[in-house]
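Understanding the architecture of this molecule
Here is what each chain is made of, one letter per residue.
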Amino acid sequence: MRISKVYTRTGDAGKTRLAGGQEVWKDSVRVEAYGTVDELNSMLGLARVSNGQAATNVEVSARMGTILKWVQNKLFDLGGILATAQGESFPNMPTVTSEDVVHLEHLIDECQKDLTPLKEFILPGGGQLAALLHVARTICRRAERLCVTLSKEESMDKELVVFLNRLSDALFVFARWVTKKQGEAEFLWEREPATSQKS
């Protein structure tokens, strides 16, 4: 696919076109959904940059780089599906399948082997890469919520919601995993005693 011109002026009136040419408002749930997936992908791109620049463990950095590259490509597939109107299909159309969900589950299980069970909630943070993965996790949850809303309005592949749900879990585990492997400290939630809480 060749993109020869970035601006077209066709969206100046507040509408955009889906992959099949259908015109929709830019604030429609479908556009919000694939726009949020794009936002998530961009955040993971920033995480990949951080992973390559600030790594203290080359093996961990290489592993996380491979994982994030795969996730970004799958999110691009997912965004393309969301940008296609209900009932439309095209040759070589990207897919998100149950096998992709299983792959995420395997990645989670592998990382969990190196982690101790949580005894308390953790606060987003740790090192820079972990913090970025936590931000990505929250964007992923928002994308999932928008896809659920869209699924109530239009028929859509349920695997898209399942994939985003599993990905948000994976991003949480990835953040903990890189924190552990890079020797950084987790930020634990510190519950204030009831007597010291402000009224």
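Residues numbered from 1 in each chain as written. Predicted model: local features only at pLDDT ≥ 70, side-chain atom pairs only at ≥ 80, totals over all residues. Heavy atoms only, no water.

What about the overall build of the protein?
What the protein contains, in helices and strands, is five helices and four strands. Listing each helix as α and each strand as β along the protein from the N terminus yields β-β-α-α-α-β-α-α-β. Counting all 199 residues of the protein, 38% fall into the buried class. Of the contacts made within the protein by residues no fewer than 6 positions apart, 75% connect residues no fewer than 24 positions apart. A total of about 12,100 Å² of accessible surface is found on the protein, and carbon and sulfur atoms cover 52% of it. (Helix = DSSP H or I, 4+ residues; strand = E, 2+ residues; numbered from the N terminus. Buried < 20%, exposed > 50% of the residue type's maximum accessible area, 1.4 Å probe, protein only. Contact = heavy atoms within 4.5 Å. Areas by Shrake-Rupley, 256 points an atom, 1.4 Å probe, with all protein chains shown as cover.)

Points about the side chain of Thr-179
Looking at the secondary structure, you find Thr-179 in helix 5 (residues 158-181). Since its relative accessible area comes to 4%, Thr-179 is described here as buried. Each residue touching Thr-179, except ones within four places of it in the same chain, is listed here: Ala-130, Glu-184, Ala-185 and Glu-186.

Things to note about the environment of Leu-118
Along the chain, Leu-118 turns up in the loop between helix 3 (98-112) and strand 3 (122-123). Given a relative accessible area of 36%, Leu-118 falls into the partly exposed group. Residues contacting Leu-118, with those up to four places away along its chain left out, are Phe-172, Arg-176 and Glu-186.

Focus on the packing of helix 3 against helix 5
For any two helices packed against each other, one specifies the inter-axial angle together with the distance between the axes. Between helix 3 and helix 5, the shortest axis-to-axis distance is 9 Å and the interhelical angle comes to 15°. Classed by the angle they form, the pair helix 3 and helix 5 counts as roughly parallel. Along this stretch, helix 3 crosses helix 5, giving a crossing that reads as left-handed. Packed against helix 3, whose contacting residues are Ser-98, Asp-100, Val-101, Leu-104, Glu-105, Leu-107, Ile-108, Cys-111 and Gln-112, the element helix 5 presents Glu-159, Val-162, Phe-163, Arg-166, Leu-167, Asp-169, Ala-170, Val-173, Phe-174 and Trp-177 at the interface. For the contact of helix 3 with helix 5, the per-class residue count stands at twelve nonpolar, two polar and five charged. (Axes fitted to C-alpha atoms, helices over the stretch in contact; angles between N-to-C directions. Parallel < 35°, antiparallel > 145°, perpendicular 65-115°, else oblique. Left-handed = near helix turned anticlockwise from the far one by under 90°. Nonpolar A, V, L, I, M, F, W, Y, C, P; charged D, E, K, R; others polar.)

Concerning helix 5
Taking 1.5 Å per residue as the helical rise, helix 5 with its 24 residues ought to reach 34 Å, and the 34 Å between its terminal C-alpha atoms agrees with that figure. In terms of burial, helix 5 is largely enclosed, as 17 of its 24 residues are buried. Taking the backbone nitrogen of Glu-159 as reference, a side-chain oxygen 3.0 Å away marks Asp-157 as the first, capping residue of helix 5. (Expected span 1.5 Å × (residues − 1). Polar contact = N/O pair within 3.5 Å; in protein donor to acceptor, adjacent residues only side chain to side chain.)

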